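Overview (structure and organization)
Residues per chain are reported as follows:
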Amino acid sequence: MLNEDAVLDLEATARQLRVEILKMLNSARSGHTGGSLSAIDVMTVLYFHQMRHDPSNPRWEDRDRFVLSKGHAAPALYACLAEAGYFSRDDLKTLRRLGSHLQGHPDMNKTPGVDVCTGSLGQGLSQAVGLAMALRLSGKSSRVYTLLGDGEVQEGQVWEAAMAAAHFKLDNLCAILDMNGLQIDGEVAKVMNVGPLGPKFLGFNWHVLEVDGHDIQAIARALDDAERTEGQPTMIIARTIKGKGVPFFEHKASYHGVPPSDEELSQALEHLGHS
Amino acid sequence: MSEMIATRDAYGKALVELGRENSRVVALDADLSGSTKTAMFGKEFPERFFNAGIAEANMVGMAAGLAAGGMIPFASTFAVFAAGRAFEQIRQSLAYPKLNVKVVATHGGITVGEDGGSHQSVEDLAIMRALPNMTVLCPADGPETAAAIRAAAAYHGPVYIRLGRSKVPVVFEGGCDFAIGRGATLRDGSDLTFITTGLMTAQALDAAKILEEGNVSARVVHLGSIKPLDVDLVLKAARETGAVVTAEEHSVVGGLGGAVCEVLSEGYPVPVERVGLRDVFGQSGTAEELLAHYGLTAGHLVEAAERVLQKKK
């Protein structure tokens, strides 16, 4: 349970990270706005409250691991890593540029603090399962967190991995599903309905929680619950809003892979109280 | 008559030995552990063996995660499923991040036999060879397989190792000094060179003996490492013998023949004949019948040698 000040601090951090995301996407002139903004509250709680990690030692063996399975939300990850101190905030301006360590999708060999390469949807949960197995074999108490999109679970490999995670009783694994309801071609429910998701993961023997993915306190509570769960992996279904925080981006599939223009950026920053 | 050992049997034994020496070695399979021989490892090290069930994509992803967590995973299934079903997982989750995973694909080529074309991989070497960061090995026999598995474990990075189902003659009778990227001259010769991989090396040695009776001197160069390829050894053979016959239990498109032709056309063009499947899928039959039907016997290699010598003149 977070105290009121801690919640306010994390909310302020998430707001600041939204600003960073919008600025870096505007600077890159390409990239994924909507899904980065929907995921940032969950990722703020992970990076600045929940996970054990050490920005001065990115390869610290006892760190918790994070797999951004929905790799196109890389800007959200980079904003967190820069804020945590893995690299300079100035680097964010180089997103997607030739020679930059900030690739369009996360690259473990280029960016300090990135634990796996992701971007091709549907593969992250499998890698998270393998990481959880490796940590358990090594006798480590570290945990593995992975963030998936709701469009992403249309990939069959996700269900192969869901089966395996429960089969191997990986209680050091916690997946969070950023359920913003939209994918490139439109509403997830219309493109290929993945619901009901809770019962699906329950059916695969996961511990399943549902939260408002923009409620810092609720997210923190769910992550605590996951950590206390024994004998099964946890899926936290986070109900989110694509483009959250910038009114003219919210609920719009058309902003899945579109960066803010200069004008949109200044309006968005004004809205976020950052002019 | 030399001893006959299936390369998959040699793999199973080598993996158990590695497991005894290094607790970071883990094995994965996709419900074929009895056939791929990873069951031997699973029996001795149950806590380090993960059966993914019939889910090859997830098996590769789990192997990637295990490697990212510091383990040395060996993931096995049939070649057709490894290089085929799980291709994109191998690309994105293993090769792109250069993770330390060994994909040991058994039942490669057409000598899988009776299961038919659906289960015969005639394109896996080409597919895997095209991947940046990927090392591709195709041992000739049991001893070389054991050595290749050991070399792969000692090398840090993704490796694809293609093995077979059937028993094959031992070529490296005195043991094998295997190194990734290095080929072996198994027989000297001056008129032409057989450049071969996998079980075709044994056929080439037989073909060279037949040719010798007709006063044709054939060199036999075995390349157990398809990528990296021993470019120096290939060019040396071309310079010294002036003609090359490649042979592989694989399509002539993109595999050993393709790789050798790339090297020769850029470095020292000489006449080449490629022995392999002529851009066709396999079919049901016994291993011996299939090798004969698709032109992969010592006799066919002799004919290819005669054709290449005609081109040389």
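As annotated in an unreviewed UniProt entry, chain A is Transketolase from Desulfuromonas versatilis. Word for word, the UniProt comment on chain A under Sequence similarities (unreviewed entry) is "Belongs to the transketolase family." Database annotation for chain A, UniProt heading Cofactor (unreviewed entry): "thiamine diphosphate".

This part takes up the layout of surface pockets. If a probe as big as a water molecule is rolled over the atoms, it shows which places are left empty. Here the largest pocket is characterised by a volume of approximately 430 Å³. Elements represented by at least two residues in the lining of the largest pocket include exactly β8 (167-169), α9 (200-213) and α12 (287-293) of chain B. When residues of the lining of the largest pocket are assigned to their parent elements, the largest contribution, five residues, is made by α9 of chain B. Partitioned by chemical class, the residues of the lining of the largest pocket number ten nonpolar, five polar and five charged. Counted as a void, the second largest pocket has a volume near 250 Å³. Around the second largest pocket, the lining comprises 18 residues; the ones closest to its centre are His72, Leu121, Glu152, Gln183 and His256 of chain A.

The next thing to look at is the interface of chain B and chain A. Between chain B and chain A, the contact holds 25 residues from the first and 22 residues from the second. Of all residues in chain B, the largest losses of buried area upon contact with chain A belong to Asn58, Met62 and Tyr96 of chain B, amounting jointly to 25% of the total for that side. For the pair chain B and chain A, the interface holds zero salt bridges. Where chain B packs against chain A, one counts ten residue pairs in polar contact (both at pLDDT 80 or more). Among the secondary structure elements, those contributing two or more residues to the side of chain B that touches chain A are β3 (49-51), α4 (56-68) and α6 (87-95) of chain B. Residue contributions to the side of chain B that touches chain A peak at nine residues, all from α4 of chain B.

Attention shifts here to the pairing of strand β14 (residues 272-277) of chain B. Residues and elements named next belong to chain B. Most of β14 sits inside the fold, with five of its six residues counted as buried. Judged from the five bridges that link them, strand β13 (residues 244-251) and β14 form a sheet pairing that is parallel. If you follow Val244 over to β14, its bridge partner there is Val272. Handedness of the crossover joining β13 and β14 through helix α11 (residues 256-267) is recorded here as right-handed.

Moving on: the packing of aromatic side chains. By the definition in use, this model includes nine aromatic pairs over all chains. Ring geometry for Tyr47 of chain A and Phe66 of chain A: centres 5.6 Å apart, planes at 80°, overall edge-to-face. In this pair, Tyr47 of chain A sits in helix α2 (residues 34-50) while Phe66 of chain A sits in strand β1 (residues 65-68), placing the two residues 19 residues apart along the sequence. Taken together, a centroid distance of 4.3 Å and an interplanar angle of 50° make the contact between Phe249 of chain A and Tyr255 of chain A tilted. Of the residues examined, Phe249 of chain A reaches a relative accessible area of 0% and is grouped as buried. Over the aromatic face of Phe45 of chain B sits the side chain of Arg48 of chain B, whose NZ or CZ is 4.3 Å from the ring centroid.

This part is about the nonpolar core. The biggest cluster of nonpolar side chains holds 143 residues, and the ones touching the most others in it are Phe66, Leu173, Ile176 and Trp206 of chain A together with Tyr160 of chain B. Core analysis: the next-biggest nonpolar cluster, separate from the first, contains 35 residues, Val122, Leu199, Leu205 and Leu277 of chain B among them.

Now for the sheet that holds strand β2 (residues 25-29) of chain B. All names here are of chain B. The strand order across the open sheet built from seven strands is β3-β2-β4-β5-β7-β6-β12, with neighbouring strands paired in mixed fashion. The sheet terminates laterally at β3 and β12 (225-227), the two strands that pair on one side only. For this sheet, the mean angle separating the axes of adjacent strands, direction not counted, is 20°. Pairing of β2 with strand β4 (residues 72-78), which is carried by five bridges, proceeds in the parallel orientation. Residue Leu28 lies in a different strand from β4, and its bridge partner there is Ala75. α4 contacts β2, β3 and β4 of the sheet and is inclined by roughly 170° relative to β4.

Time to look at the packing of helix α10 (residues 231-241) of chain B against α11 of chain B. Residues and elements named next belong to chain B. Where α10 contacts α11, the axes come no closer than 10 Å and their chain directions differ by 65°. Of the two elements, α10 crosses α11, and the hand of that crossing is right-handed. Each of Val231, Val234, Leu235 and Ala238 in α10 lies in contact with α11, whose residues at this interface are Val260, Val263, Leu264 and Gly267.

Turning to helix α4 (residues 124-137) of chain A, a few remarks are in order. Residue and element names in this part refer to chain A. Across its 14 residues, α4 extends 20 Å between first and last C-alpha, which sits within 8% of the 20 Å expected from 1.5 Å per residue. Burial within α4 is extensive, with twelve of its 14 residues counted as buried. Every buried residue of α4 is listed here: Gly124, Leu125, Ser126, Gln127, Ala128, Val129, Gly130, Leu131, Ala132, Met133, Ala134 and Leu135. Trailing α4 by a residue or two, Gly139 shows a phi angle of about 75°, which is positive.

The next subject is the UniProt feature "domain: Transketolase N-terminal" (unreviewed entry) in chain A. Per the UniProt entry, the sites bearing "domain: Transketolase N-terminal" (unreviewed entry) are residues 14-274 of chain A in this numbering. Counted over residues 14-274 of chain A, helix gives 40% and strand 13%. Its end C-alpha atoms are 13 Å apart.

Residues and elements named next belong to chain A. Spatially, five strands are ordered β1-β2-β3-β7-β6 in an open sheet, and the strand pairing comes out parallel. Each having just a single partner strand, β1 and β6 (207-212) make up the two edges of the open sheet. Shown here is a sheet whose adjacent strand axes are inclined to one another by a mean of 20°, direction ignored. Its contacts with the sheet put α4 on β1, β2 (144-149) and β3 (173-179), and the angle it makes with β2 is roughly 175°. Contacting β2, β3, β6 and β7 (234-239), helix α8 (residues 216-228) runs over the sheet at an angle of about 170° to β6.

What counts, and where the lines are drawn
- Residues numbered from 1 in each chain as written.
- Chains lettered and ligands numbered in written order.
- Predicted model: local features only at pLDDT ≥ 70, side-chain atom pairs only at ≥ 80, totals over all residues.
- Heavy atoms only, no water.
- UniProt positions renumbered as here; feature names shortened; annotations may be inferred.
- 1 Å grid on protein atoms, 1.4 Å probe; cavity = no way out; pocket = protein on both sides within 12 Å on 5 of 7 lines; lining within 4 Å.
- Points joined across faces, edges and corners; volume = space filled by probe spheres on them.
- Helix = DSSP H or I, 4+ residues; strand = E, 2+ residues; numbered from the N terminus.
- Nonpolar A, V, L, I, M, F, W, Y, C, P; charged D, E, K, R; others polar.
- Contact = heavy atoms within 4.5 Å.
- Buried area = accessible area lost by both parts, 1.4 Å probe.
- Salt bridge = Lys/Arg side-chain N within 4 Å of Asp/Glu carboxyl O.
- Polar contact = N/O pair within 3.5 Å; in protein donor to acceptor, adjacent residues only side chain to side chain.
- Buried < 20%, exposed > 50% of the residue type's maximum accessible area, 1.4 Å probe, protein only.
- Pairing = 2+ DSSP bridges.
- Right-handed = clockwise from strand over helix to strand, strands pointing away.
- Phe/Tyr/Trp six-rings, centres within 6.5 Å; stacked < 30°, edge-to-face > 60°.
- Lys NZ or Arg CZ within 6 Å of the ring centre and 35° of its normal.
- Core = buried A, V, L, I, M, F, W, Y, C linked by side-chain atoms within 4.5 Å.
- Axes fitted to C-alpha atoms, helices over the stretch in contact; angles between N-to-C directions.
- Left-handed = near helix turned anticlockwise from the far one by under 90°.
- Expected span 1.5 Å × (residues − 1).

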